4 protein chains.
Amino acid sequence: MANITTRPVTKLGIVGAGSVGTALAYAALIRDAARQVAIYDIDSARAEAEVLDLSHGTQFTGANTVTGGGNIDALAGADVIVITAGARQKPGQTRLDLAAANVRILESLMPALMEQAPEAVYILVTNPCDVLTVAAQKITGLPSNRIFSSGTVLDTSRLRLLVAQSAHVLMSSVHATIIGEHGDSEFPVWSSATIGPVPIREWQISGRQVFTDELLAAITDDVVNAAYKVIAGKGATNYAIGLAGVRIVEAVFQAQNAVLPVSALLRGEHGISGVALSLPSIVGSGGVYKMLEMPLDDGEQQALQNSAETLRNTMQNLGIG
Amino acid sequence: MANITTRPVTKLGIVGAGSVGTALAYAALIRDAARQVAIYDIDSARAEAEVLDLSHGTQFTGANTVTGGGNIDALAGADVIVITAGARQKPGQTRLDLAAANVRILESLMPALMEQAPEAVYILVTNPCDVLTVAAQKITGLPSNRIFSSGTVLDTSRLRLLVAQSAHVLMSSVHATIIGEHGDSEFPVWSSATIGPVPIREWQISGRQVFTDELLAAITDDVVNAAYKVIAGKGATNYAIGLAGVRIVEAVFQAQNAVLPVSALLRGEHGISGVALSLPSIVGSGGVYKMLEMPLDDGEQQALQNSAETLRNTMQNLGIG
Amino acid sequence: MANITTRPVTKLGIVGAGSVGTALAYAALIRDAARQVAIYDIDSARAEAEVLDLSHGTQFTGANTVTGGGNIDALAGADVIVITAGARQKPGQTRLDLAAANVRILESLMPALMEQAPEAVYILVTNPCDVLTVAAQKITGLPSNRIFSSGTVLDTSRLRLLVAQSAHVLMSSVHATIIGEHGDSEFPVWSSATIGPVPIREWQISGRQVFTDELLAAITDDVVNAAYKVIAGKGATNYAIGLAGVRIVEAVFQAQNAVLPVSALLRGEHGISGVALSLPSIVGSGGVYKMLEMPLDDGEQQALQNSAETLRNTMQNLGIG
Amino acid sequence: MANITTRPVTKLGIVGAGSVGTALAYAALIRDAARQVAIYDIDSARAEAEVLDLSHGTQFTGANTVTGGGNIDALAGADVIVITAGARQKPGQTRLDLAAANVRILESLMPALMEQAPEAVYILVTNPCDVLTVAAQKITGLPSNRIFSSGTVLDTSRLRLLVAQSAHVLMSSVHATIIGEHGDSEFPVWSSATIGPVPIREWQISGRQVFTDELLAAITDDVVNAAYKVIAGKGATNYAIGLAGVRIVEAVFQAQNAVLPVSALLRGEHGISGVALSLPSIVGSGGVYKMLEMPLDDGEQQALQNSAETLRNTMQNLGIG
Ligand SMILES: NC(=O)c1ccc[n+]([C@@H]2O[C@H](COP(=O)([O-])OP(=O)(O)OC[C@H]3O[C@@H](n4cnc5c(N)ncnc54)[C@H](O)[C@@H]3O)[C@@H](O)[C@H]2O)c1
Ligand SMILES: NC(=O)c1ccc[n+]([C@@H]2O[C@H](COP(=O)([O-])OP(=O)(O)OC[C@H]3O[C@@H](n4cnc5c(N)ncnc54)[C@H](O)[C@@H]3O)[C@@H](O)[C@H]2O)c1
Ligand SMILES: NC(=O)c1ccc[n+]([C@@H]2O[C@H](COP(=O)([O-])OP(=O)(O)OC[C@H]3O[C@@H](n4cnc5c(N)ncnc54)[C@H](O)[C@@H]3O)[C@@H](O)[C@H]2O)c1
Ligand SMILES: NC(=O)c1ccc[n+]([C@@H]2O[C@H](COP(=O)([O-])OP(=O)(O)OC[C@H]3O[C@@H](n4cnc5c(N)ncnc54)[C@H](O)[C@@H]3O)[C@@H](O)[C@H]2O)c1
């Protein structure tokens, strides 16, 4: 009979075997998001040890495999590549402070990746992810739908958790989104937020309004500062972003056309161009098919322009664009 | 060491080993919705054969078991009981035509079930499910949160499929609901329907509005007549309702507080009392915690009152209420 | 941005929208075994109604879709095709009685399928599945690894259920297999059967041997007659075979190289050639890579030869080979 | 209607928010192994940050929740408690070197845990897990089935990975086990190891024996030294043990009676008493129901006695027993 070989149907590449890259790999294996997970890191000892540890758990995760190490050709032929390589955010440091170093990493990394996986969809997680998305798009010349970042998918998950806890409902029954920069200028779109089909400001428990202006402001604050809080306590954030990353990866591998708030280069949406920031977007097998324009009230319109402005300034300081 | 015994942590009881009851059992086993699935049917030969067939598949479904037959004590101690017993809808027959016979079945069935499972949450699938919910609540005297029906969960799933197909997005990115009677007077709430965060009437592909009044009307029509079409072709509907039922069962077992359009006795919501019809409702471990009042435009308000009126008439004809 | 399109990554084709084909489709959708499930049946009204019903449940099953009807081009480009078309086993009828009619169906069906899906792996479920495997291989000229049948995967599942129940352990901790014809001459290989790592005859509860010769004989009997019992009670078997079929499909789509007792053309294994019967076999992306020769005691060797002889006789009566 | 509350059906407690405890929590949430996961660590800042990070990912993991911090009453009412608290193994250090410090931790920890969760099943992961199992059993006076350790479940997973890679088959088709100490004196039971139903030494690829004595010895060596290799590269092992731990937890919550090589106090099995080491055991809702005696050849019998002796020496040095 035929030779015994295995044809991996789907291959997920991860750049960076740090706390984020390995959590993402672990979640991808457990959820069986791809047949093969491959990890690459310039620190080959770390990468090999992480791959070994992850592989020891595969008895419990299905028919998938994990490979990789310090050689970039581990990523050859990947269908989707998630980039987590870079410096990690230190306590006190803003996300934008990390930018310059990480742009420089991309300048050598992206061409090397394109050689290994010319057809891949690229997802950036490294911060500042919005700015790096523009940089990486320019370096590669890829169409903007094929190179984007996890944006506010994670921040939105934090938002829904807090709303769900106050409303006493399941998280997937909360419809609310964070848009803008993945950073301090991001904001929730409260004007159209609903719980089930009920506008958030009309949600009542025992006849009393739950989501007062004070509570909405407190939740906004909590979400924007969540990463700082986690980093203060454990030095990094990794588990939630691991799952958020896998969620996006699944939208691509499963050709879902899911609406997710990822960040890609804007081309006139809400009158903004030339920066990448998060809007609810259709994500499917080719990457980002469309960034949606949702209804915004005047304050939200203004906040979105501010967020774009913040990003434009950073890009200018970094000499991008 | 200790004796070898197994303590089933969660037990799902199903009344009726017909096409719906067994599809629901199959889906529950595959999704591992409960540790133990128990089926009861007055036709004991059928029930035993179905249990045997289902049990032969359990190698592939996890650590769950399936039991049952023609003896109602198979359901003893069940945490949730789904009722699918009854006559099936014949081609041409309206759902309400089935009512009288099925009310009579409940009169003997419900007291016997209450003996076996006094603490269970009861979910009615047998048609006409709205009317039978009121009848079963009166027979048992159970608080109305613990006895309700699958309502328009299935119809809403049909709605989202059609909208998702026209919008080219994932079904879970469609936020739209069918409310009212599970039957001819049901209707979609278009006024607040969205795709992702975009109002449905503003959804565009290549710059053109997709959901014109004509398309919305056609979709409404398709949903309301979907069951008739399936019944015409295969004599019954069973697979979709099996999954819809399991979805509700999971909300209870997992204490989800999910918002689902189930049907329970109204007590003043939208000014309606004394009938059961579907509204988006919070479903968790105790059953239906709250039926939500969502914004409706004038036409929808009117349609909801009509639907309630239709149900009130049926109940009067049947001597319920 | 790019056009909104969806690229189905994996496509499962099913021939026959009867009780087996639709149960298999339902299980495949719930387990998310393939991105797209397509069903074809010469009875187009039935096929369309089943597809409609199944599609109405897809809100609850992930990002997959179901299509099909009475036109065979619904199966175009399928990666795996499962054949369930045929007459169903009637009460009292042996599996071999169905053979002639079903061979004739394959004579027209297989060439038409090969046009639609020339690269597919083909899995036969229609009975008598061993004999039809040989017929289909000859009709198509496909290499024998790419056309095989579900064989005794289902029978083995029945065996493990009974052993697990008597041993009070999880089914996946039972290692025992039915080999030979999927029919009356099949048999369990008790000589090497174990529970965990304990030989089955040494398994004790409270110091007493559980699996006496009497119990082993009773279990064998039960397994061989299981299908007859289910058919007597409900007219057909469908749910367990639906899951067994999906299990095999997953081995192919996931390139698992799982060891499963499927039935393919033998070429000298245990000295047998020219018939298809079930042996534990390696199943992966190309189909059956290898049929394994396991240790058998003298009685088992003899039983296997008898089973092969039975099949050879049937094939001769049918003019195959 | 009723108040909105949530009743957690199953609660998993984890002691230690270190690299192992949080990986285990992450895997438990993703696999939905329990409705509620609660983490406790004396380092409350770390515990709170980890809980926050994990909770931010729960939008993607089902209807479960994660709570905890520096207060042990976070674990109140847990059904299963996994203990990962302790010092981590440093490069070069043997597992037994860690013993004394960790015994001391258990002396104060166990009584406090018993107050919070008197009915729980306790699973030790902290090393040296075999020795700590005996210590914890003595401290608590719990019946030995309710307090055991993850033992060689992880080591067995490593073994199966290596065998599966050489045999080119799915890991779950490999039947082989590591028994004895979770440490340097552990060993694989090759005498009854099989791939599918084929004895490992008879496995052939292209007509040649794959598992020669040299390869078996090399695999044994690799497994016994796997942890050292991972620790040398990344400073700890955490992902694989996280999944192995969850696998055991699922056996308890799902009342599986799965056969797993966990470590509990022996009472005469293979003539050994008074030490805890790993044998294939039945694990279900009450913990370890039975430790199985599997066939061993003379060398394996001897190796098992040696392993017991090693453990007895350690216990003596530590003043346990
Ligand atoms: N977008 C988000 O929502 C989000 C959330 C969390 C973290 N992050 C970001 O993710 C990034 C990674 O965080 P972490 O905690 O994993 O950091 P980490 O320091 O643990 O890991 C980063 C890894 O990248 C590797 N690396 C550096 N340069 C490389 C190169 N040229 N090629 C290959 N590998 C290289 C390093 O060796 C290291 O192992 C950070 O930028 C962080 O800010 C983003
Ligand atoms: N609510 C929905 O969305 C929805 C969708 C589909 C079907 N249905 C309804 O579900 C019901 C069942 O449909 P089906 O296709 O399974 O019908 P079926 O005829 O296949 O099965 C009904 C079963 O109920 C059993 N039964 C009758 N009286 C009983 C009693 N007193 N105790 C126990 N068992 C009894 C019968 O023996 C039979 O096996 C019908 O009323 C149908 O209209 C509802
Ligand atoms: N191998 C096993 O373990 C196993 C188990 C159960 C059933 N089966 C077999 O599966 C087969 C199907 O059983 P069922 O209960 O689904 O029967 P069924 O009668 O419900 O369905 C068979 C379907 O095949 C269709 N069909 C017939 N000829 C066709 C053709 N040329 N092209 C396309 N479709 C065609 C029919 O229209 C019908 O819808 C039977 O042969 C049965 O014995 C095998
Ligand atoms: N059994 C196995 O197969 C296996 C595999 C890997 C690791 N381990 C063991 O698991 C243990 C934990 O490893 P790790 O990498 O998570 O270490 P870690 O240092 O990252 O975490 C240990 C945590 O325990 C906490 N802790 C210490 N004393 C405590 C107490 N009294 N109460 C509550 N919390 C307390 C510490 O604050 C720390 O956060 C080690 O003993 C390691 O050897 C076992």
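Here is what the cut-offs are and how they apply
- Residues numbered from 1 in each chain as written.
- Chains lettered and ligands numbered in written order.
- Predicted model: local features only at pLDDT ≥ 70, side-chain atom pairs only at ≥ 80, totals over all residues.
- Heavy atoms only, no water.
- Pairing = 2+ DSSP bridges.
- Helix = DSSP H or I, 4+ residues; strand = E, 2+ residues; numbered from the N terminus.
- Contact = heavy atoms within 4.5 Å.
- Buried area = accessible area lost by both parts, 1.4 Å probe.
- Salt bridge = Lys/Arg side-chain N within 4 Å of Asp/Glu carboxyl O.
- Polar contact = N/O pair within 3.5 Å; in protein donor to acceptor, adjacent residues only side chain to side chain.
- Nonpolar A, V, L, I, M, F, W, Y, C, P; charged D, E, K, R; others polar.
- Near = heavy atom within 4 Å.
- Domains from an automatic or database assignment.
- Least-squares fit on C-alpha atoms with pLDDT ≥ 70 in both.
- Phe/Tyr/Trp six-rings, centres within 6.5 Å; stacked < 30°, edge-to-face > 60°.
- Buried < 20%, exposed > 50% of the residue type's maximum accessible area, 1.4 Å probe, protein only.
- Lys NZ or Arg CZ within 6 Å of the ring centre and 35° of its normal.
- UniProt positions renumbered as here; feature names shortened; annotations may be inferred.

**Details of the sheet that holds strand 11 (residues 198-199) of chain C**
Residues and elements named next belong to chain C.
Next, step 1: Read from one edge of the open sheet, three strands run 7-10-11, paired in antiparallel fashion. Two strands lie at the open edges of the sheet, namely strand 7 (174-175) and strand 11, each paired on one side alone.
Next, step 2: For strand 10 (residues 194-195) and strand 11, the ladder comprises two bridges, and the chain directions are antiparallel. Each bridged residue has a counterpart across the sheet, and for Ile195 the counterpart in strand 11 is Val198.

**Considering the interface of chain D and chain A**
Next, step 1: Chain D puts 46 residues into the contact, and the matching count from chain A is 46 residues.
Next, step 2: Overall, the association of chain D and chain A removes approximately 4000 Å² of surface from exposure, summing both partners, and the carbon and sulfur fraction of that is 68%.
Next, step 3: It is D:Tyr26, D:Phe60 and D:Tyr239 that lose the most area in chain D upon contact with chain A, and together they represent 20% of the buried surface on that side.
Next, step 4: Counting the contacts that link chain D with chain A gives four salt bridges.
Next, step 5: Among the salt bridges present, the one from A:Lys234 reaches D:Glu50, with a minimum N-O distance of 2.8 Å.
Next, step 6: Here chain D is connected to chain A by 24 residue pairs in polar contact (both at pLDDT 80 or more).
Next, step 7: Elements represented by at least two residues in the side of chain D that touches chain A include exactly helix 1 (19-31), helix 2 (44-56), helix 5 (153-167), helix 6 (213-234) and helix 7 (239-253) of chain D.
Next, step 8: It is helix 2 of chain D that contributes the most residues to the side of chain D that touches chain A, nine residues altogether.
Next, step 9: Looking at side-chain class alone, the side of chain D that touches chain A contains 22 nonpolar, 15 polar and nine charged residues.

**A few points about the site of ligand 2**
All names here are of chain B.
Next, step 1: Around ligand 2, the surrounding shell holds 25 residues, and the nearest of these are Ser19, Val20, Asp41, Ala87 and Val125.
Next, step 2: The backbone of Ile42 places a nitrogen or oxygen atom 3.5 Å from a nitrogen atom of ligand 2.
Next, step 3: Between an oxygen atom of ligand 2 and a side-chain N or O atom of Asn127, the distance comes to 3.2 Å.
Next, step 4: Split by domain, the shell around ligand 2 shows at least three residues from each of two domains, domain 1 (11-149) and domain 2 (153-318).

**Points about the domain arrangement of chain A**
All names here are of chain A.
Next, step 1: Partitioning chain A into domains gives domain 1 (11-149) and domain 2 (153-318).
Next, step 2: Relative to domain 2, the C-alpha centre of domain 1 lies at a distance of 23 Å.
Next, step 3: Counting residues at the interface gives 39 residues for domain 1, matched by 45 residues for domain 2.
Next, step 4: Interface area, domain 1 with domain 2, both sides summed: about 3300 Å², of which 69% is carbon and sulfur.
Next, step 5: Where domain 1 packs against domain 2, one counts one salt bridge.
Next, step 6: With a closest N to O distance of 2.9 Å, Arg31 and Glu250 form a salt bridge.
Next, step 7: Our count for the contact surface shared by domain 1 and domain 2 stands at eight residue pairs in polar contact (both at pLDDT 80 or more).

**Describing the relation of the copies chain C and chain D**
Next, step 1: The two copies are related by a screw motion: chain C maps onto chain D through a turn of 180° and a shift of 0.0 Å along the axis, at an RMSD of 0.0 Å. Here the symmetry operator amounts to a two-fold rotation axis.
Next, step 2: Counting the interface residues of chain C, we find that 100% of their copies in chain D are interface residues as well, pointing to one common contact surface.

**Brief notes about the packing of aromatic side chains**
Next, step 1: Applying the stated rule across the entire model yields six aromatic pairs over all chains.
Next, step 2: Plain terms: the ring middles of A:Tyr239 and D:Tyr26 are 4.5 Å apart, the flat faces sit at 40° to each other, and that makes the pair tilted. Taken as a pair, A:Tyr239 in helix 7 (residues 239-253) and D:Tyr26 in helix 1 lie in two separate chains rather than in one. You'll find A:Tyr239 and D:Tyr26 in the same group, each marked buried.
Next, step 3: Ring centres 6.1 Å apart and planes at 25° place the aromatic pair B:Tyr26 and C:Tyr26 in the stacked group. Pair noted here: B:Tyr26 is in helix 1 (residues 19-31) and C:Tyr26 is in helix 1 (residues 19-31), and the two residues belong to different chains. For the pair B:Tyr26 and C:Tyr26, a shared accessibility class is recorded, and that class is buried.
Next, step 4: Joined through ring pairs, the aromatic side chains of A:Tyr26, A:Tyr239, D:Tyr26 and D:Tyr239 make up one cluster.
Next, step 5: Geometry around B:Trp203 places A:Lys290 over its ring, the cationic atom sitting 6.0 Å from the centre.

**Observations concerning the interface of chain C and chain D**
Buried accessible area, meaning the area lost when the parts come together, often serves as the stated size of an interface.
Next, step 1: The interface is formed by 24 residues belonging to chain C together with 24 residues belonging to chain D.
Next, step 2: Counting each side, the surface lost to burial between chain C and chain D is near 1700 Å², with a carbon and sulfur contribution of 67%.
Next, step 3: Connecting chain C to chain D are zero salt bridges.
Next, step 4: Summed over the shared surface of chain C and chain D, the number is ten residue pairs in polar contact (both at pLDDT 80 or more).

**A closer look at the pairing of strand 16 (residues 273-278) of chain A**
Residues and elements named next belong to chain A.
Next, step 1: Pairing geometry for strand 15 (residues 263-267) and strand 16, over four bridges, is antiparallel. Along strand 16, the bridge assignment pairs Arg267 with Ser273.
Next, step 2: In textbook terms, the turn of a hairpin is the stretch between consecutive antiparallel strands, and for strand 15 and strand 16 this stretch comprises five residues, one of which, Gly268, has a positive phi near 105°.

**Quick look at the environment of B:Ser157**
Next, step 1: Position of B:Ser157 among the secondary structure elements: in helix 5 (residues 153-167).
Next, step 2: The spatial distance from the C-alpha of B:Ser157 to the C-alpha of B:Asp221 is 14 Å, given a sequence separation of 64 residues.
Next, step 3: Here B:Ser157 is in contact with B:Met171, C:His56, C:Gly57, C:Gln59 and C:Phe60, once residues within four sequence places are set aside.
Next, step 4: Among the polar contacts listed, one links the side chain of B:Ser157 to the backbone oxygen of C:His56, at a separation of 2.3 Å.

**Considering the UniProt feature "binding site: NAD(+)" (unreviewed entry) in chain A**
All names here are of chain A.
Next, step 1: Mapped onto this structure's residue numbering, the UniProt feature "binding site: NAD(+)" (unreviewed entry) falls at Val20, Asp41, Arg46, Gly86, Ala87, Ser108, Val125, Thr126, Asn127 and Ser150. Across 131 residues of sequence, these annotated residues are also dispersed in space, with a maximum C-alpha separation of 24.4 Å.
Next, step 2: You can see Arg46 is positioned in helix 2 (residues 44-56).
Next, step 3: In terms of polar contacts, Arg46 uses its side chain to reach the backbone carbonyl oxygen of Ala17, at 3.3 Å.
Next, step 4: By secondary structure assignment, the location of Asn127 is in the loop between strand 5 (121-124) and helix 4 (129-140).

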